[in-house]
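Each chain is listed here by its residues.
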Amino acid sequence: QVQLVESGGGLVQTGGSLRLSCAASGRTFSTYAMGWFRQAPGKDREFVAYIIWSGGSTDYADSVKGRFTISRDNAKNTMYLQMNSLKPEDSAVYYCAARMLWSLATARTEDEYDYWGQGTQVTVSS
């Protein structure tokens, strides 16, 4: 079992920055990959970013590439999402997720993940 808790969401103006955190507990954090997803009202949950167990490989949705950075600190059992140059369309509930399958391939769909956090709200005002 893995428990995930997101934090760091809030209200920010267009062009601002936020850093989300996802604290993990349970299984050894350094043995599994992680991802960020988001869901805006009335829309499906969508992939945002992915990072493998070591942090050595990442993947981003085109909509956030160049603005968001995913990272992890295995010593602290925590993953991060640094979000810069935020836009109103980035407003959503952001979820972190854990993928137990060991693979070097990216994972962009929800069914590839085994555990989910409860989400943290990000609102970007125009």
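A few points on the structure. (Residues numbered from 1 in each chain as written. Predicted model: local features only at pLDDT ≥ 70, side-chain atom pairs only at ≥ 80, totals over all residues. Heavy atoms only, no water.)

## Quick notes on the pairing of strand 1 (residues 2-7)
For a regular strand, side-chain orientation follows a simple rule: the groups alternate between the two sheet faces.
At step 1: Because side chains alternate across strand 1, one face comprises the buried residues V2, L4 and E6, and the other comprises Q3, V5 and S7, none of which is buried.
At step 2: Direction of pairing for strand 1 relative to strand 3 (residues 18-26): antiparallel, over a ladder of six bridges. By the bridge assignment, V5 is partnered in strand 3 with A23. (Buried < 20%, exposed > 50% of the residue type's maximum accessible area, 1.4 Å probe, protein only. Helix = DSSP H or I, 4+ residues; strand = E, 2+ residues; numbered from the N terminus. Pairing = 2+ DSSP bridges.)

## Here's the deal with the pattern of salt bridges
At step 1: Here the structure, examined in full by the defined rule, presents seven salt bridges.
At step 2: Residue E110 pairs with R45 through a salt bridge whose shortest N-O separation is 3.0 Å. In this pair, E110 sits in the loop between strand 9 (92-99) and strand 10 (115-116) while R45 sits in the loop between strand 4 (33-39) and strand 5 (46-51), placing the two residues 65 residues apart along the sequence.
At step 3: With a closest N to O distance of 3.3 Å, K65 and D62 form a salt bridge.
At step 4: Residue D62 is classed as exposed on the basis of its relative accessible area, which comes to 65%.
At step 5: Because the salt bridges share partners, they merge into one network encompassing R38, E46, R67 and D90. (Salt bridge = Lys/Arg side-chain N within 4 Å of Asp/Glu carboxyl O.)

## Some remarks on the environment of M79
At step 1: Checked against the element boundaries, M79 lands in strand 8 (residues 78-83).
At step 2: Measuring from C-alpha to C-alpha, the distance between M79 and S91 comes to 20 Å, with twelve residues separating the pair along the chain.

## Some points on the state of the cysteines
At step 1: With the rule as written, the count across this model stands at one disulfide.
At step 2: Two residues, C22 and C96, share a disulfide whose sulfurs are 2.1 Å apart. Here the disulfide of C22 and C96 is right-handed, its torsion about the S-S bond being about 60 degrees. Here C96 lies in strand 9 and C22 lies in strand 3, a separation of 74 residues in the sequence. Each of the two residues, C22 as well as C96, counts as buried. (Disulfide = S-S within 2.5 Å.)

## Topic: the sheet that holds strand 1
At step 1: Read across the sheet, four strands follow the order 1-3-8-7 without closing on themselves; strand pairing throughout is antiparallel. With one partner strand each, in any of the chains shown, strand 1 and strand 7 (68-73) form the two edges of the open sheet. Adjacent strand axes in the sheet meet at a mean angle of 15 degrees when their direction is disregarded.
At step 2: The sheet contact formed by strand 3 and strand 8 spans six bridges and is antiparallel. Across the sheet, the residue bridging to C22 is M79, located in strand 8. (Axes fitted to C-alpha atoms, helices over the stretch in contact; angles between N-to-C directions.)

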